[in-house]
Amino acid sequence: MRAVVYRGPFSVEVVDVPDATVVEPTDAVVRITTTNICGSDLHMYEGRTSVEEGKVLGHENMGIVEAVGPAVTRIQVGDRVSVPFNIACGTCRNCLTGWTSFCTRTNPTEGMDGAAYGYANMGPYDGGQAEYLRVPFADVNLLDLPAGTEHENDFTMLSDIFPTGWHGTELARQAPGDDVAVFGAGPVGLMAAHSALIRGAARVFVVDKEPDRLALARSIGAIGINLAEGDPVEQIMDATDGRGTDCGVEAVGYQAHDAAGEEHPELVLDNLVKVVRTTGGIGVVGVYVPQDPGAANEGAKEGRVAFDYGTFFTKGQHMGTGQAPVIRYNRQLRDLIIAGRATPGFIVSHELPLDGAVEGYDRFDKREDGWTKVLLHPGQAA
Ligand SMILES: NC(=O)c1ccc[n+]([C@@H]2O[C@H](COP(=O)([O-])OP(=O)(O)OC[C@H]3O[C@@H](n4cnc5c(N)ncnc54)[C@H](O)[C@@H]3O)[C@@H](O)[C@H]2O)c1
Ligand SMILES: [Zn+2]
Ligand SMILES: [Zn+2]
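Residues numbered from 1 in each chain as written. Chains lettered and ligands numbered in written order. Predicted model: local features only at pLDDT ≥ 70, side-chain atom pairs only at ≥ 80, totals over all residues.

Engineer: In this structure, what is going on with the packing of helix H8 (residues 232-239) against helix H9 (residues 267-275)? I would like to understand it.
Structural biologist: Axis separation between H8 and H9 bottoms out at 10 Å; the angle between their running directions is 20°. With respect to H9, the axis of H8 lies roughly parallel. In terms of crossing hand, the pair formed by H8 and H9 is right-handed. Contact residues: Pro-232, Val-233, Ile-236 and Met-237 in H8; Asn-271, Lys-274 and Val-275 in H9. Of the residues that constitute the contact of H8 with H9, the class distribution is five nonpolar, one polar and one charged. (Axes fitted to C-alpha atoms, helices over the stretch in contact; angles between N-to-C directions. Helix = DSSP H or I, 4+ residues; strand = E, 2+ residues; numbered from the N terminus. Parallel < 35°, antiparallel > 145°, perpendicular 65-115°, else oblique. Left-handed = near helix turned anticlockwise from the far one by under 90°. Contact = placed C-beta atoms within 7 Å. Nonpolar A, V, L, I, M, F, W, Y, C, P; charged D, E, K, R; others polar.)

This is the structure in structure tokens:
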């Protein structure tokens, strides 16, 4: 089968690899209809992870079940499904308490709880930027979707970024009527803004420096704040009569940078501590890592990101972090899509055949104007 593999920094290739097959009795194989390129893939693409050469990438997957192992009873061949990026066993302590993103059984990497498809340090699993994907514990993991092709561009956000954006607002303990600050207008930040508005936010401020992404934020009723036009904290303070927001979401991650493009891993955390009011919550879904040899300073190379913890404590704020447990939200978010109350597909900018991955990675990575979210359709002719 054809698949997108990592070759090295700024290099991916579409090549032939062995077909995905049922290995364990609890596995399914999904024929991929849509698989997205994610901002998380760019951390690998830019050589900022230890992902191995030859890894099949892709953790935002959906498609049609092609085969199931003998122990799969809920999911059937022919079902249309969304594949959460987390690979959960469904039976460990963390899975049973809703934290499938920290499954203790599926990732053999020393010291790591939580597994994912096609990702650095997240276990030996191939990704779904390919014609087929092997899904472990299929009955636990797969979300069934209505048959047909309706809502494909909305449903494809259920594997990761819509639940991740929602999780950001959940970690921030957003309540109806809140003013919310979202840092990052990439796909995840836009999903957080969409979620915050669905959850009844009074106002949502979305900070970035990319005008096309800020325009998308405005298109759903958020307020775009361009950090290139002045300190984003001051801009939001002015708009809230100096009160700041009730809560905030971090949707940028460890490669946060200033308007000139210089990296400051603590920048967004500092901004959130400043802009969120006393006792307010901060949901961090942008990724931070324990080792980053390419970091801008010595501390950050060892995961020590020196944000203003003193003010964070003094303001009595709270913070939640980590990978999103997709299963906790994806059924409800699917039903919001079906009911017409959520339209996460509004961020889709490009739909390419699998062979378009090389161009898709390059242009999405450069945040080229208009390249907001790239979907790959392995079944589509090149
Ligand atoms: N927690 C999870 O489960 C989870 C899931 C998916 C993605 N992520 C992470 O979320 C983050 C965002 O993902 P994405 O797909 O939207 O990526 P992206 O890289 O496309 O978007 C990040 C955006 O942040 C902007 N940005 C950079 N510095 C900024 C700053 N100082 N202030 C405000 N905005 C700034 C960039 O211009 C860009 O538009 C990444 O770190 C990704 O790995 C986490
Ligand atoms: Zn993703
Ligand atoms: Zn588990």
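Engineer: Before we go on, may I ask you to explain the packing of helix H5 (residues 161-171) against helix H6 (residues 187-198) in this structure?
Structural biologist: To describe two helices that pack against each other, one gives the angle between their axes and the distance between the axes. Running from N to C, H5 and H6 point in directions that differ by 60°, and their axes come no closer than 7 Å. When the axis of H5 is compared with that of H6, the two are oblique. Like other packed secondary-structure pairs, H5 and H6 cross with a definite hand, here right-handed. On H6, the residues touching Ile-161, Phe-162, Thr-164, Gly-165, Trp-166, Gly-168 and Thr-169 of H5 are Pro-187, Val-188, Met-191, Ala-192, His-194, Ser-195 and Ala-196.

Engineer: Just to check I follow, could you spell out the site of ligand 1 for this structure?
Structural biologist: In the vicinity of ligand 1, 34 residues are found, and the nearest of them are Gly-39, Ser-40, Gly-186, Val-188 and Gly-253. Contributions of two or more residues to the shell around ligand 1 are made by helix H1 (39-45), H5, H6, strand E11 (203-208) and H9. Considering each element in turn, the shell around ligand 1 owes the most residues, four residues, to H1. (Near = placed C-beta within 6 Å.)

Engineer: Please clarify how the nonpolar core should be interpreted in this entry.
Structural biologist: Generally speaking, soluble globular proteins have nonpolar side chains that are buried together. One finds Val-4, Ala-28, Val-30, Leu-133, Ala-181, Val-182 and Val-206 to be the most contacted residues of the largest nonpolar core, which totals 113 residues. The two domains that each donate at least three residues to this core are domain 1 (2-160 + 325-377) and domain 2 (165-321). Once residues within four sequence positions are removed from consideration, Val-206 is found in contact with Val-182, Ala-185, Gly-189, Ala-193, Leu-214, Ala-217, Ala-222, Ile-223, Gly-224 and Ile-225. (Core = buried A, V, L, I, M, F, W, Y, C linked by C-beta atoms within 7 Å. Buried ≥ 20, exposed ≤ 12 C-beta atoms within 10 Å, placed from the backbone. Domains from an automatic or database assignment.)

Engineer: So what exactly am I meant to see when it comes to the domain arrangement of the protein chain here?
Structural biologist: In many reports, interface size means the accessible area that the parts give up when they come together. When its domains are assigned, the protein chain resolves into domain 1 (2-160 + 325-377) and domain 2 (165-321). The partner domain 2 presents 18 residues to the 18 residues of domain 1 that form the contact. Among the elements that line the side of domain 1 that touches domain 2, the one with the most residues is H1, at three residues.

Engineer: What's the story with the pairing of strand E16 (residues 350-353) in this structure? I'm lost.
Structural biologist: Residues in a regular strand point their side chains to alternate faces of the sheet. Bridge analysis of E16 against strand E17 (residues 374-377) gives four bridges, and the strand direction is parallel. Paired with Glu-351 across the two strands is Leu-375, which belongs to E17. Traced from E16 through helix H13 (residues 357-365) to E17, the parallel crossover comes out right-handed. (Pairing = 2+ DSSP bridges. Right-handed = clockwise from strand over helix to strand, strands pointing away.)

Engineer: Explanation requested: H6 in the structure shown.
Structural biologist: Each full turn of the α-helix corresponds to 3.6 residues, which orients residues three or four apart in the same direction. Taking 1.5 Å of rise per residue, the twelve residues of H6 would be expected to cover 16 Å, and the 16 Å separating its terminal C-alpha atoms lies within 8% of that figure. A large share of H6 lies buried, amounting to ten of its twelve residues. Those residues of H6 lying buried are Pro-187, Val-188, Gly-189, Leu-190, Met-191, Ala-192, Ala-193, His-194, Ser-195 and Ala-196. On its buried face, H6 sits against H1, H5, strand E10 (179-183), E11, helix H7 (211-219) and strand E13 (245-250). The first or second residue beyond H6 is Gly-200, which carries a positive phi of 90°. (Expected span 1.5 Å × (residues − 1).)

Engineer: Before we go on, may I ask you to explain the sheet that holds strand E15 (residues 318-321) in this structure?
Structural biologist: Hydrogen bonding along the main chain pairs the strands of a sheet, whether they run parallel or antiparallel. The six strands are arranged E12-E11-E10-E13-E14-E15 in an open sheet whose pairing can be described as parallel. Two strands in the sheet have a free side with no partner beyond their single neighbour: strand E12 (223-226) and E15. Recorded for the sheet is a direction-independent mean angle of 20° between the axes of neighbouring strands. Pairing of strand E14 (residues 276-284) with E15 involves four bridges; the strand directions are parallel. Each residue of the ladder has a partner; that of Val-284, found in E15, is Thr-321.

Engineer: What's the story with unusual backbone geometry in this structure? I'm lost.
Structural biologist: As a rule of thumb, non-glycine residues mostly have phi less than zero, and peptide bonds are mostly trans rather than cis. For Phe-137, which is not glycine, the phi torsion reads 45° and is therefore positive. The class of Phe-137 is buried, set by 23 C-beta atoms lying within 10 Å. A positive phi is found at His-151, a non-glycine position, where the angle reads about 60°. Mapped onto the elements of the fold, His-151 is located in the loop between strand E9 (143-145) and helix H4 (152-155). For His-151, a count of 20 C-beta atoms within 10 Å translates into the label buried.

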